[in-house]
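# Coordinate inspection notes
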Amino acid sequence: YLSGGVYLGGTSTPNFLDDYEEGTWTPAIGSFTLNSGTLAFNATYTKVGNMVTVSARQTGGNISWSAEKHLDGLPFAPNKGTGGTFTNTAPDIGGQILFWTNSAVFFNQAGSSQGSLVITGTYYV
């Protein structure tokens, strides 16, 4: 957290940054299928002005999904759809995700028996 703000690249009003935040967020199961265990993530975000960068690493549960499935619970609602990436090591897949205005993360391909999902991306609020 920046106390009082800071000027970046000059001392005029457009260069004044007074909005910086770091924290955690909790991805919710959305339309995934929980096969076993309890779904858990280690998920963080950094917000600088209107730009939010999120990451999440699955730490519990085993999930599956088919086309057009999503996780819910982004820390801030995006102002429009934008992309990011995901990976998974067991089985080894990866692809693109879409951050959508309803605070959901949509996946571009199906997955089964996911136990190590990793999400990362940046979007605007």
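Definitions and limits used
Here, residues in each chain are numbered from 1, in the same order as that chain's written sequence. Whole-chain, interface and lining totals are the exception, using all residues; otherwise, since this is a predicted model, local features are given only for residues with pLDDT of at least 70 and side-chain atom pairs are given and counted only at 80 or more. The side-chain quantities take in all heavy atoms of the structure and omit both hydrogens and water. The secondary structure listing takes helices from DSSP runs of H or I that are at least 4 residues long and strands from runs of E that are at least 2 residues long, numbered from the N terminus. Exposed residues in this analysis have more than 50% of their type's maximum accessible area, buried residues have under 20%, and partly exposed residues fall in between, with area computed by a 1.4 Å probe over protein chains only. Contact definition: two residues touch when any of their heavy atoms are within 4.5 Å. The method behind every accessible area is Shrake-Rupley, applied with a 1.4 Å probe, and residues are considered shielded solely by the protein chains displayed. Take the buried residues of types Ala, Val, Leu, Ile, Met, Phe, Trp, Tyr and Cys, join any two whose side-chain atoms come within 4.5 Å, and each joined set is a nonpolar core. When two rings of Phe, Tyr or Trp (its six-membered ring) have centres within 6.5 Å they constitute a pair, described as stacked for plane angles under 30 degrees, edge-to-face for angles over 60, and tilted for the intermediate range. By salt bridge we mean one thing: a side-chain nitrogen of Lys or Arg within 4 Å of a carboxyl oxygen of Asp or Glu.

Here the focus is the overall build of the protein. Along the backbone of the protein there are zero helices and 11 strands. Each helix and strand of the protein, ordered N terminal to C terminal, gives the series β-β-β-β-β-β-β-β-β-β-β. Within the protein, the proportion of its 125 residues that are buried is 30%. When contacts within the protein are restricted to residue pairs at least 6 apart in sequence, long-range pairs at least 24 apart make up 59% of them. Looking at the protein as shown, the accessible area adds up to about 6600 Å², and 51% of this sits on carbon and sulfur atoms.

We now examine the nonpolar core. V54, L71, F107 and L117 are the most contacted members of the largest nonpolar core, which totals 21 residues. Looking at this core, the elements that each hand over two or more residues are β4 (33-48), β5 (51-65), β8 (92-100), β9 (104-107) and β11 (117-124).

Tracing the backbone shows N62 in strand β5. If sequence neighbours within four positions are ignored, N62 has contacts with T33, L34, N35, S36, S113, Q114 and G115.

So, about the packing of aromatic side chains. Going through the model one piece at a time under the given rule, you end up with two aromatic pairs. A centroid spacing of 5.4 Å and a plane angle of 85 degrees characterise the contact between Y45 and F76, whose relative ring orientation is edge-to-face. Pair noted here: Y45 is in strand β4 and F76 is in the loop between β6 (70-72) and β7 (82-89), with a separation of 31 residues, a long-range link. Its relative accessible area of 9% is what places Y45 among the buried residues. Residue F76 is classed as partly exposed on the basis of its relative accessible area of 21%.

The next thing to look at is the side chain of Q58. Mapped onto the elements of the fold, Q58 is located in strand β5. Among residues more than four places away in sequence, those in contact with Q58 are L39, A40, F41, I63, Q114, G115, S116 and L117.

All right, on to the environment of G30 then. The residue G30 is located in the loop between β3 (20-24) and β4 in this model. Here G30 falls in the partly exposed class, since its relative accessible area comes to 32%. It is 9.6 Å that separates the C-alpha atoms of G30 and F106, two residues lying 76 residues apart in sequence. The residues touching G30, leaving out its near neighbours within four places in the chain, are H70 and D72.

Glancing now at the pattern of salt bridges. In this structure the tally under the stated criterion is one salt bridge. The closest approach of N and O atoms between K47 and D19, which form a salt bridge, is 2.5 Å. Remark: D19 occurs in the loop between β2 (16-17) and β3 and K47 occurs in strand β4; sequence separation between them is 28 residues. For K47, a relative accessible area of 8% corresponds to the buried category.

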